[in-house]
Amino acid sequence: MPEESFQEIREAVRALCRTFDSGYWQKADEQRAYPDDFVRALTQAGWMAALIPQQYGGAGLGLGEASVVLEEINRSGGNSGACHGQMYNMGTLLRHGSEAQKRHYLPKIASGELRLQSMGVTEPTTGTDTTRLKTMAVKKGDRYVVNGQKVWLSRVRHSDLMILLARTTPLAEVKRKSEGMSIFLVDIHAALGQGLTLRPIRNMVNHETYEVFFDNVEIPAESLIGEEGKGFKYILDGLNAERALIAAECIGDGYWFVDKATAYAKDRIVFDRPIGQNQGVQFPIAESYIEIEAANLMRWKACQLFDRHQPCAAEANMAKYLAAKASWEAANVCLQTHGGFGFASEYDVERKFRETRLYQVAPISTNLILSYVAEHVLGLPRSF
Ligand SMILES: Cc1cc2nc3c(=O)[nH]c(=O)nc-3n(C[C@H](O)[C@H](O)[C@H](O)COP(=O)(O)OP(=O)(O)OC[C@H]3O[C@@H](n4cnc5c(N)ncnc54)[C@H](O)[C@@H]3O)c2cc1C
């Protein structure tokens, strides 16, 4: 299945990506600009709605197909991080929203009229220890009043809606720490200036992300998705798809690095021969290729299980782990192969190197995957 699968989708996404060349991404990176034209083109072509069922205006494709879209973007030299949220954030609404919510929002998300690019989970004082998050949503009549702070919320300025995880019952009052949190679909425009403030975080990559402050932000009670108190479970339900999709992005990056390194190693003549003739140069590239191919097998396993509605948490986590590791190692090899030129922006290597590094940390850090596998696959004692 892997490389040749879904060839039609690959060709179509590649053709679209060709119109956004390396100069386009370099300029966006230099200016720290959001790649608006690219995201619009991708949305208009319907790719961002890949996972939305046809009855709600989407393409109704499987996770395998959706993952190919993101893989091809990264493989073409682009960065799916600008828009991947639009593809998977809606999963929470799709799985747990009421029929009325789905009918209202999903067709507009599918057409791009509404952007659901933003998800608010991480908080500055609790980090990965999500169940201790402090943002509270208190019900008052037909509204919830939200107070708290989030950090690292991506694409908020290029999103109309935000999936927000907040406590509706204080931690001290629940039996299990995973209870008492709820999911809301927040209208960002309505909340901005009404207690919601944003502070951009300048960071290592061109990734739009913010500190977000909620100061008595009132949201309508019907913003609640599913049942009150079940929000943490709803977030977990969406993680398998997210992990497999991010794995595919890393696979795309990995192939990009290997192709780039291979081409340069054939081309660059030092000591009267191509540098790629030296085993010291060619072996690391070959090793990277092997590791990407292996990670890709796990990515396909995760996607296939997901699309057959079978349990796939272990495979999705392992695919993300292997792919993020392989792409990072390939990035390092590609940079080394290019010598000094690897540091020059015009080669794109240093940009992609920075971009792929993120996936060791977000949306989940490597240690947390290892801990999942240790506890849930190997049955080792729980450590936190
Ligand atoms: C560019 C960017 C975009 C992001 N976008 C979003 C977004 O849109 N929405 C959102 O909600 N979040 C977002 N995040 C947040 C991201 O999900 C978190 O940064 C990530 O989950 C790690 O959390 P933390 O930064 O709080 O690290 P911490 O929880 O402080 O952990 C720091 C380090 O310690 C390790 N660690 C912590 N506890 C343990 C333990 N018990 N055992 C072993 N190791 C441990 C972690 O693995 C990590 O390496 C984004 C982050 C970045 C950098």
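For the structure, see preceding data.
Residues numbered from 1 in each chain as written. Predicted model: local features only at pLDDT ≥ 70, side-chain atom pairs only at ≥ 80, totals over all residues. Heavy atoms only, no water.

> For this particular structure, what's the right way to read the pairing of strand β5 (residues 181-187)?
Side-chain direction in a regular strand flips from residue to residue, so the side chains alternate between the two faces of the sheet. Counting buried residues in β5 gives six out of seven residues, a clear majority hidden from the surface. Summarising the sheet, strand β4 (residues 161-167) and β5 pair through seven bridges and their orientation is antiparallel. Each bridged residue has a counterpart across the sheet, and for A166 the counterpart in β5 is S182. Of the pairings in the sheet, the one linking β5 to strand β8 (residues 224-225) comprises two bridges and is antiparallel in character. Within the sheet, the bridge partner assigned to F184 lies in β8 and is L224. (Buried < 20%, exposed > 50% of the residue type's maximum accessible area, 1.4 Å probe, protein only. Helix = DSSP H or I, 4+ residues; strand = E, 2+ residues; numbered from the N terminus. Pairing = 2+ DSSP bridges.)

> Just checking my understanding: could you explain the site of the ligand for this structure?
Every one of the 17 residues lining the ligand counts as a neighbour, but T122, T128, W152, S154 and S365 are closest to it. Between the ligand and the protein, one listed contact pairs a nitrogen atom with a side-chain N or O atom of N367 at 2.9 Å. Those elements giving two or more residues to the shell around the ligand turn out to be β3 (143-154) and α13 (366-377). Looking at which element gives the most residues to the shell around the ligand, the answer is β3, with three residues. Here the residues of the shell around the ligand are counted per class, giving 10 nonpolar, seven polar and no charged. (Near = heavy atom within 4 Å. Polar contact = N/O pair within 3.5 Å; in protein donor to acceptor, adjacent residues only side chain to side chain. Nonpolar A, V, L, I, M, F, W, Y, C, P; charged D, E, K, R; others polar.)

> So what exactly am I meant to see when it comes to the packing of aromatic side chains here?
Centre distance and the angle of the planes are the two values used to describe a pair of aromatic rings. Evaluated as defined, the whole model comprises 11 aromatic pairs. With a centroid separation of 5.3 Å and 85 degrees between ring planes, the pair formed by W256 and F257 is classed as edge-to-face. For the residue pair W256 and F257, the accessibility class agrees, reading buried in each case. Through successive ring pairs, a cluster of aromatic residues spans F20, Y24, W25 and F38. It is R299 that lies over the ring of W300; its NZ or CZ is 4.1 Å from the centre. Note that R357 overlies the ring of W328, its terminal NZ or CZ placed 5.2 Å from the centroid. (Phe/Tyr/Trp six-rings, centres within 6.5 Å; stacked < 30°, edge-to-face > 60°. Lys NZ or Arg CZ within 6 Å of the ring centre and 35° of its normal.)

> Would you mind going over empty space enclosed by the protein with me for this structure?
If you roll a probe as big as a water molecule over the atoms, it shows you where there is empty space left. Counting across every chain of the model gives two cavities of 30 Å³ or more. In this structure, the largest cavity occupies an estimated 70 Å³ of space. Contributing to the lining of the largest cavity are Y88, N89, T92, R95, M119, Y234, I235, G238, L239 and E242. Going through the elements one at a time, α6 (90-96) and α9 (231-267) are the ones with two or more residues in the lining of the largest cavity. (1 Å grid on protein atoms, 1.4 Å probe; cavity = no way out; pocket = protein on both sides within 12 Å on 5 of 7 lines; lining within 4 Å. Points joined across faces, edges and corners; volume = space filled by probe spheres on them.)

> Please explain the nonpolar core as it appears in this structure.
Buried together is how nonpolar side chains tend to be arranged in soluble globular proteins. Core analysis: the largest hydrophobic core is formed by 81 residues, its most contacted members being F38 and M87. If you tally residues by element for this core, the top one is α9, at 17 residues. Apart from the residues lying within four places of it in its own chain, the contact partners of M87 are W47, M48, A50, L51, A66, V69, L70 and L245. Core analysis: the next-biggest nonpolar cluster, separate from the first, contains 21 residues, M162, L196, Y210 and F214 among them. (Core = buried A, V, L, I, M, F, W, Y, C linked by side-chain atoms within 4.5 Å. Contact = heavy atoms within 4.5 Å.)

> Explanation requested: the pairing of β3 in the structure shown.
In terms of strand pairing, strand β2 (residues 136-140) meets β3 through five bridges, oriented antiparallel. Note that in β3 the partner of K140 across the bridge is R143. Between β2 and β3, which pair antiparallel in sequence order, lie two residues; one of them, G141, sits at a positive phi of approximately 65 degrees. Strand direction decides the pairing type here: β3 and strand β7 (residues 209-220), joined by nine bridges, are antiparallel. In the sheet register, Q149 faces β7, and the bridge partner there is F213.

> How do you make sense of the side chain of E211 when you look at a structure like this?
Mapping E211 onto the fold places it in strand β7. In terms of polar contacts, E211 uses its side chain to reach the side chain of Q149, at 3.2 Å. Leave out the neighbours within four places in its chain, and E211 touches Q149, K150, V151, T197, L198, R199 and I201.

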